[in-house]
Amino acid sequence: MTLLEAEIETEAERLLRALLHVDCEPGRTWDYAACRRIAPLTLEINRLKREREAIILAHSYVEPELIYGVADFKGDSYFLSLQAKKAQAKVIVFAGVVFMAETAKILSPQATVVVPDRGSGCSLADSLDGAELRRLKALYPDAAVVCYINSTAEVKAESDVCVTSGNVYDIIQQLPERRILFVPDRLMAENIRGELKRRAVDKEIISSDGTCIVHDAFDAAEIAAARGRFPGLKVVAHPECPPEVAAAADFVGSTGAMMRYVKTTPAPYFLMLTECGLVGRLQVEAPKKHFIGGCRLCPYMKLNSLEKVRDALLAPRPDQIITLDETLRVRASRAIERMFELAPTD
Ligand code: 13P
Ligand code: SF4
């Protein structure tokens, strides 16, 4: 066996140890042969990262071979934004969607930020542009403008503060304004109204009309049916879900909080009302837990692949490189920095 073959075998064994329990996505399971097939690519990417002084940030929804094969940091939008802000790397590859890579560029302008697939949009971010937000602001001039991080840089530049699913309630609660213009997630806005009511906080929430195509598709009937079939089931939902789904869940939170909840909650079964990639992460990191329910994929997140990450590192095409007008970037950074100031530290 040559030195290279030995290196590939060692890499395949490392990948297999990580991915062995992942079987949430129909038609995708991990055995030695599957890991052996991708090992040359993960080795090449990890070598390129060292050569280019690059880091890879991966959202929990991307394929597990990216998360456990090549990522330096994996997690939810808030965690990854923090890593982008702290990054000293020359290159940041964002295996996620375009608004996340834009956020990294806003926070780390000195770095070359690349996105593996420029088509990796987001139904929320793509639902609202700066002109439409300016029109809404003119209708509600007294409102604090709060943008969900799933928004374009232009929308962030028009906002007073940015929030993520992990801090949205706590940040809005702290704002002095009673009237809040929250964009672009209509369903999360309904969940905010519900949570603020529970907290006895008097605010008026006005929203625009975006939804997440993945989370909007869950419905409360499937929760009732699952509870009937699996006694002791815990239902875990993302705040992008419809309010009746969030109300019927045992826990609602960001993908990071959902993971923490599952890891620390003894229950025979979990129903995860979010993108399927999170189940994959839990199958790796909490292999004794049992998950029921189908597998919903975000078509944008799933555009990421090892090949595209390799190409973005080797010789990024212009469409893979994030560029932002500097005035816009500075304005957008204010909303994100205000989030870091107001976000609870845990
Ligand atoms: P999180 O910040 O909770 O990971 O959410 C990001 C997202 O796009 C959910 O659909
Ligand atoms: Fe956007 Fe929904 Fe995909 Fe998240 S899961 S990136 S909100 S489309």
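Residues numbered from 1 in each chain as written. Chains lettered and ligands numbered in written order. Predicted model: local features only at pLDDT ≥ 70, side-chain atom pairs only at ≥ 80, totals over all residues. Heavy atoms only, no water.

**Overview of the site of ligand 2**
Logical step 1: Taken together, the residues surrounding ligand 2 are Tyr61, Cys122, Ser123, Leu124, Asn150, Cys212, Val214, Glu240, Cys298, Tyr300 and Met301.
Logical step 2: Class assignment for the residues of the shell around ligand 2 results in eight nonpolar, two polar and one charged. (Near = heavy atom within 4 Å. Nonpolar A, V, L, I, M, F, W, Y, C, P; charged D, E, K, R; others polar.)

**Digging into helix α15 (residues 326-342)**
Logical step 1: Its 17 residues give α15 an end-to-end C-alpha distance of 25 Å, which sits within 8% of 24 Å, the value for a rise of 1.5 Å per residue.
Logical step 2: Where α15 starts, the residue carrying a side-chain oxygen 3.2 Å from the main-chain nitrogen of Thr327 turns out to be Asp325. (Helix = DSSP H or I, 4+ residues; strand = E, 2+ residues; numbered from the N terminus. Expected span 1.5 Å × (residues − 1). Polar contact = N/O pair within 3.5 Å; in protein donor to acceptor, adjacent residues only side chain to side chain.)

**As for the packing of helix α4 (residues 77-86) against helix α5 (residues 98-107)**
Logical step 1: Between α4 and α5, the shortest axis-to-axis distance is 8 Å and the interhelical angle comes to 35°. Where α4 crosses over α5, the two elements pack in a sense that is right-handed. Contacts between α4 and α5 involve Ser77, Ser81, Ala84 and Lys85 from the first element and Met100, Thr103, Ala104 and Leu107 from the second.
Logical step 2: Taken together, the residues that form the contact of α4 with α5 break down as four nonpolar, three polar and one charged. (Axes fitted to C-alpha atoms, helices over the stretch in contact; angles between N-to-C directions. Left-handed = near helix turned anticlockwise from the far one by under 90°. Contact = heavy atoms within 4.5 Å.)

**A short note on the packing of helix α2 (residues 32-52) against helix α14 (residues 306-314)**
Logical step 1: Two numbers describe how α2 lies on α14: the axes approach to 10 Å, and their chain directions differ by 25°. Judged by the inter-axis angle, α2 sits roughly parallel to α14. Relative to α14, the crossing made by α2 is left-handed. Contact residues: α2 offers Ile38, Leu41, Thr42, Glu44, Ile45, Leu48, Lys49 and Arg52, while α14 offers Leu306, Glu307, Val309, Arg310, Leu313 and Leu314. (Parallel < 35°, antiparallel > 145°, perpendicular 65-115°, else oblique.)

**Observations concerning the state of the cysteines**
Logical step 1: Scanning the entire structure with this criterion turns up one disulfide.
Logical step 2: Here Cys276 connects covalently by a disulfide to Cys295, the sulfurs 2.1 Å from one another. The disulfide joining Cys276 to Cys295 has a torsion of about -110° about its S-S bond and is therefore left-handed. Remark: Cys295 occurs in the loop between β12 (291-292) and α14 and Cys276 occurs in the loop between β11 (270-273) and α13 (277-285); sequence separation between them is 19 residues.
Logical step 3: By relative accessible area, Cys276 is classed as buried at 4%.
Logical step 4: The thiol sulfur of Cys241 is not disulfide-bonded, and the nearest other cysteine sulfur, from Cys212, lies at 8.1 Å. (Disulfide = S-S within 2.5 Å. Buried < 20%, exposed > 50% of the residue type's maximum accessible area, 1.4 Å probe, protein only.)

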